[in-house]
Every structure is written in structure tokens, then in C-alpha cells.
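Residues per chain are reported as follows:
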Amino acid sequence: MAVIAPAPVVSVRPVMLEAPGRGEGLRVKVSAPTTGSDLPIILLSHGFGSSLDGYGPLADFWAAHGFVVIQPTHLDSRTVGLPQADPRTPRIWRFRVEDMKRILDQLDLLEAAVPGLSGRLDRSRIAAAGHSFGGQTAGNLLGLRVLDPASKEQEDLSDSRIKAGVLLATAGKGGADLTPFAAEHFPFMNPSFANMTTPALVVTGDKDDSPLSVRGPEWLADPYFLSPGNKSLLTLFEAEHSLGGIVGYEVRETTDEHPERVALIQRVTWAYLRHALGIEDASWLAARRALSESTDPLGRIESK
């Protein structure tokens, strides 16, 4: 499938957002193409321990091909160094969602922080994306609900400003599906997908055998199979948790380095978001056709 020609990208980091009650300000990176108008927006939530500097292979590609990409540094980032005994730790998952909403609330400030970006955002077309823990964070904005370990309630944290999502290597059901380690250390990993109605692309690797679940790689497909509404699933063959290297350039977390797989994810996610946000459908149709007709495909796409 063909994609539009890449544009030069300008990035500004860190932009500091005030965050009362968070304990410190929210550091954000904004990347945007230097050309174009009516630019759609992607909020990209990092995996556990990463930061606004992660996921360059995705953020750089999306920004060079017409999206404004906004990346927060959540409190679990290694760059923050939050102690396990910190009173905020049990609510890390919730602070993450609040980070994303704070970005939506302060788009004016973020737009003004990037030279030449003023007046070029399309605020009617906003998507949320995330990898691993970031997938759950993005999923909350799509309607995923977390059984709060303290209140024992599932609060609706969805946001109508988010029109589509991309969930990469995102955890499935909790309860008996978790390993004892996960149940003990990550009590917030009890999501319900029953209300996750916003359109989304779920991306999984068929070799992503998570140490957090007893079910194997199929666990990561729960966000697709257990959610209602328009969803698509990209299953990547032989891919592990880093899906070939989306977490960064030459990072040690990548156990299955595969540049062609990363390039496929770049193209398919870009095409899907253009489709789901109502920009154009041809690229998404071409991406699906290319995989289905390939004699040696890197993955498969299904939709419901």
C-alpha cells in the first residue's frame, strides 16, 4: 500500500502542563508536520516505565504523515522514579487517564507551544493510542472500565472527544486469567470491555506470551473479541511484546527486532486512523487487501 509523502517534523519537549493533585507537573512532547492544515491528533500513551521520548518509530511516522502526536510522561516512567511506597502508586492507572484528559483540556497551550502550529489542528478528529499499559490507558478513553481495587467500582472514564483508538499489545481480562504475580502487583488489571464502543484497531503478536497471564498470546486479543462496536484486529505473525521494535530505536526492550514488521504497523495504523476518523478509506482498504493477497504475509486483519 502507498502512503503520502513524509513531511518534515517539528517536535517540542517538554511542554509542562500544570497538574494539581498529581504531585508534579505533566511533561508532554508534541510532534507535528511542518506543512498541512486540519491536522488530526493522536494522544500516545507509553508502556510501563517509558516516557515521552519512547515510541519514536510510531510517533515520528505518524507526525511525518499528517498527524499531530502528543506524548505524556506518566508517573510510572523510569524518568520520574516514583517509589513503590509512594501513596500515588495504587492509583497509577487512574493518574494515567487523567494525564490524557488534561492534554485534551489544554490543547490551546500545546498548540501555542509549537512554532507554526497555531490554527492547524482539527479538534474534531482525535484518536488515543497506547502500547501495553498505555493500551489500557487509551482504552479507558474509549470506554474500557477498570475495576478499581480500592472502591470496587467501575467508573466510566470515556471521553467523547476521542473518536478512535489503537491498542497495541494491550492486556485482556483479569481475575483467573492473571498470574499470581500480576494479581498481586497489578490489582488494577481487571478491565471490562463491555462498554468500549469507540472504534478501535487492536494489534497483537501471536508470540506475545505475557508473564502477566496464564492464557498465552490469545489474552492480548480480548480487547477485540470482548468489546462491542466497530473493531479491527491486526495479528502479527511471530511478534512478541514489542511487536518488532515499536517501543523505540534500538532499545533493549525489543526482543523480536523486525524492521519490516514495524513498517507494517506504521502503515496499517496510519491507514486505519485515517479511515476511522473519516479522512479517507482507500488506504485502509489497500492495507487489508495487501495482507490478504500476500503470498508471505507478516500478519492478518479481521474486522467486526
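This is a predicted model, so every value here is computed, not measured.

Q: So what's going on with the overall build of the protein? Which residues, and what values?
A: Looking only at helices and strands, one finds eight helices and eleven strands in the protein. The globule rule puts the C-alpha radius of gyration for 304 residues at 19 Å, and the 18 Å found for the protein is close to it. Expressed as lengths along the three principal axes of its C-alpha atoms, the size of the protein is roughly 50 × 45 × 35 Å. Every one of the 304 residues in the protein was classed for burial, and the buried ones make up 56%. Accessible area of the protein: about 12500 Å², with a carbon and sulfur share of 52%. When the 30 positive and 37 negative side-chain charges of the protein are each reduced to one mean point, those points stand 3 Å apart.

Q: I'd love a proper account of the packing of helix α7 (residues 259-276) against helix α8 (residues 282-293), names of residues and values included.
A: Where α7 meets α8, the axes come as close as 7 Å, and the angle between the chain directions of the two elements is 140°. When the axes of α7 and α8 are compared, the pair comes out oblique. Crossing hand, α7 versus α8: left-handed. Mapping the contact onto sequence places Leu 264, Val 268, Trp 270, Ala 271, Tyr 272 and His 275 in α7 and Ser 283, Trp 284, Ala 287 and Leu 291 in α8. Here the contact of α7 with α8 is composed, by residue class, of eight nonpolar, two polar and no charged.

Q: Residues and numbers for the environment of Ala 271, please.
A: Following the sequence through the fold, Ala 271 ends up in helix α7. On a C-alpha basis, the gap between Ala 271 and Trp 284 in space is 4.7 Å, while along the polypeptide they are 13 residues apart.

Q: Can you tell me about the sheet that holds strand β3 (residues 39-45), naming the residues and giving the values?
A: With mixed pairing, nine strands are arranged side by side in an open sheet as β1-β2-β4-β3-β5-β7-β9-β10-β11. Where the open sheet ends on each side, the last strands, each with one partner, are β1 (9-17) and β11 (299-303). Across the sheet, the mean angle from the axis of one strand to that of its neighbour is 20°, orientation sign disregarded. Of the strand pairs in this sheet, strand β9 (residues 200-205) and strand β10 (residues 231-236) are connected by six bridges, and their pairing is parallel. Counted as the bridge partner of Leu 201 is Ser 232 from β10. Sheet strands touched by helix α1 (residues 56-64): β1, β2 (26-33), β3, β4 (68-72), β5 (121-131) and β7 (164-168). Its angle to β4, the strand with the most contacts, is close to 150°.

Reading guide: rules and limits
Residues numbered from 1 in each chain as written. Predicted model: local features only at pLDDT ≥ 70, side-chain atom pairs only at ≥ 80, totals over all residues. Heavy atoms only, no water. Helix = DSSP H or I, 4+ residues; strand = E, 2+ residues; numbered from the N terminus. Rg over C-alpha atoms; globule rule 2.2 N^0.38 Å. Buried < 20%, exposed > 50% of the residue type's maximum accessible area, 1.4 Å probe, protein only. Areas by Shrake-Rupley, 256 points an atom, 1.4 Å probe, with all protein chains shown as cover. Lys, Arg positive; Asp, Glu negative; His and termini not counted. Charge placed at Lys NZ, Arg CZ, Asp CG, Glu CD. Axes fitted to C-alpha atoms, helices over the stretch in contact; angles between N-to-C directions. Parallel < 35°, antiparallel > 145°, perpendicular 65-115°, else oblique. Left-handed = near helix turned anticlockwise from the far one by under 90°. Contact = heavy atoms within 4.5 Å. Nonpolar A, V, L, I, M, F, W, Y, C, P; charged D, E, K, R; others polar. Pairing = 2+ DSSP bridges.

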